[in-house]
Amino acid sequence: MRTPDQGDTGVDTGNVRAFLESLTGPSRGTVVWLADNAVSASVSPDRTLRLRPKEDVPAYDEDIATLQWSNDGYTLNALSDRNIWVNGHKVASVDLRHGDMIEFGEKGPMSRYRVCDHSFPAHRTVEDILSDAYAYARTSRRPFPRKISGALRDSGRRLTSQTTILFRITVIGAILLIAVFGYLLFQNDRKLADSLERESHKIEAVAVMLAQTREDSLTPEDLGALKDAFESQVLSTEQRLGTLEERAGASTRIITASTRSVAFVQGAYGLRQIKSGKLLRHVVGPDGKNLQTPFGQPWLEPDAMGEPAEFQFTGTGFLLQDPPLLVTNRHVALPWTTGDRAQALQAAALEAEMLSLLVYLPDQTVPIKAVLHKASETADLALLSIDATRVRGLGLLLADEPPRAGEEVFLLGYPTGLKALIAQAGPGFLKTLENKGAVDFWTIATHLSEQNKIRPLASRGIVAQTSPGALVYDAETTTGGSGGPALNRNGKVVAINAAILPEFGGSNIGVPVSHLKTLLNESD
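Here the structure is a predicted model, which is why all the values come from computation and not from measurement.

Criteria and thresholds
- Residues numbered from 1 in each chain as written.
- Predicted model: local features only at pLDDT ≥ 70, side-chain atom pairs only at ≥ 80, totals over all residues.
- Heavy atoms only, no water.
- Helix = DSSP H or I, 4+ residues; strand = E, 2+ residues; numbered from the N terminus.
- Buried < 20%, exposed > 50% of the residue type's maximum accessible area, 1.4 Å probe, protein only.
- Contact = heavy atoms within 4.5 Å.
- Areas by Shrake-Rupley, 256 points an atom, 1.4 Å probe, with all protein chains shown as cover.
- Axes fitted to C-alpha atoms, helices over the stretch in contact; angles between N-to-C directions.
- Parallel < 35°, antiparallel > 145°, perpendicular 65-115°, else oblique.
- Left-handed = near helix turned anticlockwise from the far one by under 90°.
- Nonpolar A, V, L, I, M, F, W, Y, C, P; charged D, E, K, R; others polar.
- Phe/Tyr/Trp six-rings, centres within 6.5 Å; stacked < 30°, edge-to-face > 60°.
- Salt bridge = Lys/Arg side-chain N within 4 Å of Asp/Glu carboxyl O.
- Patch = residues over 30% accessible without salt bridge, like charges linked within 9 Å, V, L, I, M, F, W, Y side chains within 5 Å.
- Pairing = 2+ DSSP bridges.
- Polar contact = N/O pair within 3.5 Å; in protein donor to acceptor, adjacent residues only side chain to side chain.

Secondary structure assignment for the protein yields 13 helices and 26 strands. When each of the 524 residues of the protein is scored for burial, the buried share is 47%. The contacts in the protein between residues at least 6 apart in sequence include a share of 63% that link residues at least 24 apart. When the accessible surface of the protein is totalled, it reaches about 26,400 Å², and 54% of it is carbon and sulfur.

Here we take up the packing of helix H10 (residues 418-425) against helix H12 (residues 441-450). Taken N-terminus to C-terminus, the directions of H10 and H12 make an angle of 40°; their axes are 11 Å apart at the nearest point. Judged by the inter-axis angle, H10 sits oblique to H12. H12 is crossed by H10, and the crossing has left-handed handedness. Where H10 abuts H12, its residues Leu418, Leu421, Ile422 and Ala425 lie against Phe441, Ile444, Ala445 and Leu448. Among the residues making up the contact of H10 with H12, the classes are represented as eight nonpolar, no polar and no charged.

Time to look at the packing of aromatic side chains. Taken as a whole and assessed by the stated rule, the structure comprises eight aromatic pairs. Here the aromatic rings of Phe264 and Tyr414 are separated by 5.4 Å at their centres, their planes lie at 55°, and the arrangement is tilted. Note that Phe264 is positioned in strand S12 (residues 262-273) and Tyr414 in the loop between strand S21 (408-413) and H10, a separation of 150 residues in sequence. Taken together, the aromatic side chains of Tyr269, Phe311, Phe313 and Trp336 make up a single cluster linked through ring pairs.

It is worth spelling out the side chain of Ser22 at this point. Position of Ser22 among the secondary structure elements: in strand S1 (residues 18-22). With residues near it in sequence (within four places) discarded, Ser22 still touches Ser27, Arg28, Gly29, Thr30, Pro109, Met110 and Ser111.

Right, let's get into the pattern of salt bridges. A complete count under the given rule lists seven salt bridges for this structure. Linking Asp303 and Lys278 is a salt bridge whose minimum nitrogen-to-oxygen distance equals 2.5 Å. In this pair, Asp303 is assigned in the loop between strand S14 (300-301) and strand S15 (311-319) and Lys278 in the loop between S12 and strand S13 (281-282), connecting sequence segments 25 residues apart. In this structure, Arg404 engages Glu407 in a salt bridge whose closest nitrogen and oxygen atoms are separated by 3.2 Å. The exposed category is assigned to Arg404, whose relative accessible area is 61%.

This paragraph deals with a nonpolar patch on the surface. A cluster of nonpolar residues, Val180, Tyr183, Leu184 and Phe186, forms a patch on the protein surface that exposes about 430 Å² of accessible area. By the element assignment, Phe186 lies in helix H3 (residues 165-216). You can call Phe186 partly exposed: its relative accessible area is 46%.

Next up on the list: the sheet that holds strand S10 (residues 101-104). Strand order across the open sheet formed by six strands is S2-S1-S11-S10-S7-S8, with antiparallel pairing between neighbours. Two strands close off the open sheet at either side, each with one partner strand: strand S2 (31-34) and strand S8 (89-91). In this sheet, neighbouring strand axes are inclined to one another by 30° on average, regardless of whether the strands run parallel or antiparallel. As judged from the three bridges shared by strand S7 (residues 84-86) and S10, these two strands associate in the antiparallel manner. Across the sheet, the residue bridging to Trp85 is Glu103, located in S10.

Once that is clear, we can look at the side chain of Gln312. Note on placement: Gln312 falls in strand S15. Within the structure, Gln312 has its side chain in polar contact with the side chain of Glu310 (distance 3.4 Å).

Right, dumping it as structure tokens:
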């Protein structure tokens, strides 16, 4: 509590009975003391409230009301033709009570009447400030938006200027704490959003990689379909391709001489999280089985306890005589760099890593491990390094000149991958697989190799168009034949099969052998 100074409107500090605190107008926040028995109230042109002893001076034209002390309180009397409102009601005379809201005329301020015991509080309680704001909003005759904004503005001002220092420090501390908490919450939400976005990109990347894997993998349903085809003696795509070699007729010598140098390429790669450096692994359930996401994709996490996720692929390659390298397509040796896969990996902050790359050659029962030697930056070509001691005496020669349109070419490869190899192996081999229960991507290839069932398919076609960038021919093949050699009538490689153009009557595109020679020169 504080006592009014002698300079505060000239009142006697020992006789203060009440005070009026202006809540609106230019005098907002000021206090006018009530110490005399009779007081005249007026509103100045600047809209401030003025009080003076009634007996000391004659009446002013600006006088609007009088306050008369009686019975331990003041009575407010409105002068003739003057408008006074107390608690929102127009009055002529009223005994004031502690806390009444008084509005002095149309232009005067709204003031709170308070009874006091010779002193005025140095600080106001939050309850008083909020009570004043509520009373002002309830009793003011201003338009609703203006009185609400005024109440909020005034209560805010008073909370920052009329409360105790401790309360202000507490409020500031609370605001800072809320701000820090809000910032941490925002950061957490942003991290969560980033995590969800990364997870979404990861799922998308896995889906993109699985699209190709499903084409190359072999499921029990695929084996069932092959069995039905054998039983009904209906030629499947794989069997139809197997008969193409018989159509070669006089070209048997070329095909036979080249077959042992044409390899079946089988591989799998994983995805490594760039930030943690960990491979994505399968999340396993209590029964030890791999779990799936609600979207039907494998559930993969870098910290999971299952095996690393494998994205499997197959293709074709062929050996060179000198140097002893295996030639294939870039999209076979680096399958994650084609189409939209590279973008999907980048968006998911993942990088691909080769887990296993094997090469199977006809007449060899054990696969050969291969590693990338060099990939072309300008053509769909790659060179693989293999154990040179395993391929002595093998390899194809490269043609010196490109073929001309209308010339004949022979294409060797492994179209449709394992499915074609099983189809060629016949129903007896399929029955063996069923008895062993071996339908795994790797074990099927192992069984085929052990039984000497790996042998490329051959087809013959005519060169339709030749250019420095591509060779177009109509020799039949399909997915899995990428990387196979296109041979001329001398048995020399004129192109490396790279793409299928089904919209052009089954035509295929090969990379001219000149690009391979450039790559070989670069790798020396």
